[in-house]
Amino acid sequence: LSPVCLASPRLDPELVTPITCHSWSGDRKSLALSQNSKDVGLFTSSGSDWKQTGLLDQHDLRVTSIDWGAKTNRIVTCSMDRNAYVWVLDENGDWKKTLVLLRINRAATCVRWSPDENKFAVGSGAKIISICYHEKEFDGWVSKHIKKPIQSTITSIDWHPDNILIAAGSTDFKVRVYSAYVKDVEARPSPTEWGSKMPMGNLMKEFTNSSSGGGWVHAVSFSPDGSKLAWAGHDSSISVADAANDMVVMKLKTNLLPMSSLTWIRPNIIAAAGHNCVPYTFIVESDSITLGSAMEEDKKKESSGNTSARSKFQNMDKLGQNELESKLNYTHQKQISEIRIVEGEKGNVDTFSTCSLDGKIVVWNLKTLAGKMKDLKI
């Protein structure tokens, strides 16, 4: 089993450049990524190869998040420099930037377009979520703030399918659902399972990762119909809150390392990845969560003792390698930073991609994987 692996472009093949965030264009033929730097590279597929077609280089510090709008073809980026930019492709094929007025005094940590792409949200270390929208009179992007009762850095955000509600995970061990209704750009919202009163910034629901804290919340994701909210905690847990069932919270504590990103690949199946260097599936039942399986088989190579010993001494002599150096038996060799959907939509995903600190982007085809792995049920 070999998932499609897109190695990041780099000058020195021995020098691994971590990929911290990435996002796909609407037609999935282009890719935006940041290699742990202040720049965002744009790449377009050309046969079996990828060629760089653009560079977004306006930020002063490391880019923390990217989102490429599938409907509007606009790219939004945010950075540790406390700024966000919206990039629009002009008629000459150049990407033109517009500074967003975030009004924050700490690093911006995450950004996502709303489903209708008429606004986007930016999480930050300023204990603020900035809901940004285009102001016609000003002809620019302005923001409204969601503050209370956030006590620490926002690590992740995800929009509800209704384009109004937003979920946020933070380092104060909390997951919160807010109303992000902006009357200037959208009609009055209809009631949902999460509540009916939806003025801008209204706290709809708050969840604690566990009664004893449970550590930072690394990732949040609404289910395809918006009735459930999943999150991953630093205590190596996956939790799901069910708004249609009296806000009951189901939690599974695993013996895995913490997950850093997750999404719903089926109405009742979550794919999550992080420090284990391989994605795992989790099955959500009506009253519980169970661990599915790893989405890649262990690639352990069997070898004879004589060959292994000989190779060991040859490597020590020729390459300077010793027994302390090791290689994981998976495609990714380091922590997975992010999961993004490539083909399909949330709840009905055909392929998704993962980026990692090992400098690779790997595309996972669920149909191919399910056919080759007997323990993987999708």
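Just so it is clear, the structure is predicted and the values come from calculations on it, not from any experiment.

**Student:** Can you walk me through the nonpolar core in this structure?
**Tutor:** Nonpolar side chains in soluble globular proteins tend to end up buried together. Within the largest apolar cluster, 36 residues are counted, with the highest numbers of intra-cluster contacts made by Val-240, Met-259, Leu-262, Ile-270, Phe-282, Met-295 and Phe-352. Ranked by residue count, the leading element in this core is strand β23 (residues 269–274), at 5 residues. When near neighbours in sequence (up to four residues on either side) are disregarded, Val-240 contacts Lys-228, Leu-229, Ala-230, Val-248, Val-249, Met-250, Trp-264, Ile-270, Val-284 and Ile-289. Grouped together as the second largest cluster of nonpolar side chains are 18 residues, Val-177, Val-217, Leu-229 and Ala-241 included.

**Student:** What is the right way to read the side chain of Asp-172 from this model?
**Tutor:** Relative to the assigned elements, Asp-172 resides in the loop between β15 (165–170) and β16 (174–179). For Asp-172, the side chain forms a polar contact with the main-chain nitrogen of Gln-151, separated by 3.1 Å. Of note is the side chain of Asp-172, whose polar atom sits 3.0 Å from the side chain of Arg-176.

**Student:** It is not clear to me how the pattern of salt bridges should be interpreted in this structure. Could you clarify?
**Tutor:** If charged atoms from side chains of opposite charge come close, those side chains can pair. Applying the stated rule across the entire model yields 10 salt bridges. Residue Asp-39 is joined to Lys-38 by a salt bridge in which the shortest nitrogen-to-oxygen separation is 3.4 Å. The residue Asp-158 makes a salt bridge to Lys-346 at a minimum N-O spacing of 2.9 Å. One end of the pair, Asp-158, is in strand β14 (residues 154–159); the other, Lys-346, is in the loop between β26 (336–345) and β27 (348–356), with 188 residues separating them in the sequence. The class for Lys-346 is partly exposed, based on a relative accessible area of 25%. Linked by salt bridges that have partners in common, Asp-67, Arg-112, Glu-338 and Arg-340 make up one network.

**Student:** What exactly am I supposed to notice about the environment of Thr-354 here?
**Tutor:** Along the chain, Thr-354 turns up in strand β27. Through-space distance from the C-alpha of Thr-354 to that of Val-278 is 9.1 Å; in sequence the pair is 76 residues apart. Residues contacting Thr-354, with those up to four places away along its chain left out, are His-22, Pro-279, His-332, Ile-336, Glu-338, Ile-339, Lys-360, Ile-361, Val-362 and Trp-364. In this structure the side chain of Thr-354 is engaged in a polar contact, spanning 2.8 Å, whose partner is the side chain of His-332.

**Student:** Help me understand the packing of aromatic side chains, please; the structure alone is not making it clear to me.
**Tutor:** Aromatic ring pairs are described here by two measures, namely the spacing of the ring centres and the angle between the planes. Inspection of every chain in the model, using the stated rule, returns 10 aromatic pairs. A ring pair is formed by Trp-68 and Trp-95, whose centres lie 5.7 Å apart and whose planes are at 85 degrees; its orientation type is edge-to-face. Taken together, the positions of Trp-68 in strand β6 (residues 63–68) and Trp-95 in strand β9 (residues 95–100) put the pair 27 residues apart, joining distant regions of the chain. Each member of the pair Trp-68 and Trp-95 is classed as buried.

**Student:** Sorry if this is basic, but what is going on with the sheet that holds strand β24 (residues 280–284) here?
**Tutor:** The strands making up a sheet associate through hydrogen bonds between their backbones, and the pairing can be parallel or antiparallel. Read across the sheet, 4 strands follow the order β22-β23-β24-β25 without closing on themselves; strand pairing throughout is antiparallel. With one partner strand each, in any of the chains shown, β22 (259–266) and β25 (289–294) form the two edges of the open sheet. Taken over all neighbouring pairs, the strand axes of this sheet differ in orientation by 30 degrees on average, direction set aside. Across 4 bridges, the pairing between β23 and β24 is antiparallel. In the strand pairing of β24, Ala-272 is matched with Tyr-280.

**Student:** Mind showing me how you'd approach a nonpolar patch on the surface here?
**Tutor:** Side chains of Leu-99, Leu-101 and Phe-138 sit close together on the surface and give an oily, nonpolar patch of about 270 Å² of accessible area. Within the element layout of this structure, Leu-99 appears in strand β9. For Leu-99, a relative accessible area of 41% puts it in the partly exposed group.

**Student:** Sorry if this is basic, but what is going on with the confidence of the model for the protein chain here?
**Tutor:** Detailed reading of the predicted model is not advised wherever pLDDT is low. In the predicted model, the protein chain carries a mean pLDDT of 90, and the fraction of residues at 70 or more is 88%. Note on residues 8–14: pLDDT under 50 across the span, and 10 contacts to partners over four residues away in sequence or across chains. Scored below 50 in pLDDT, residues 301–305 makes 1 contact in the model with residues more than four places away or belonging to other chains.

How each quantity is defined
- Residues numbered from 1 in each chain as written.
- Predicted model: local features only at pLDDT ≥ 70, side-chain atom pairs only at ≥ 80, totals over all residues.
- Heavy atoms only, no water.
- Core = buried A, V, L, I, M, F, W, Y, C linked by side-chain atoms within 4.5 Å.
- Buried < 20%, exposed > 50% of the residue type's maximum accessible area, 1.4 Å probe, protein only.
- Helix = DSSP H or I, 4+ residues; strand = E, 2+ residues; numbered from the N terminus.
- Contact = heavy atoms within 4.5 Å.
- Polar contact = N/O pair within 3.5 Å; in protein donor to acceptor, adjacent residues only side chain to side chain.
- Salt bridge = Lys/Arg side-chain N within 4 Å of Asp/Glu carboxyl O.
- Phe/Tyr/Trp six-rings, centres within 6.5 Å; stacked < 30°, edge-to-face > 60°.
- Pairing = 2+ DSSP bridges.
- Axes fitted to C-alpha atoms, helices over the stretch in contact; angles between N-to-C directions.
- Patch = residues over 30% accessible without salt bridge, like charges linked within 9 Å, V, L, I, M, F, W, Y side chains within 5 Å.
- Areas by Shrake-Rupley, 256 points an atom, 1.4 Å probe, with all protein chains shown as cover.
- pLDDT = per-residue confidence, 0-100.

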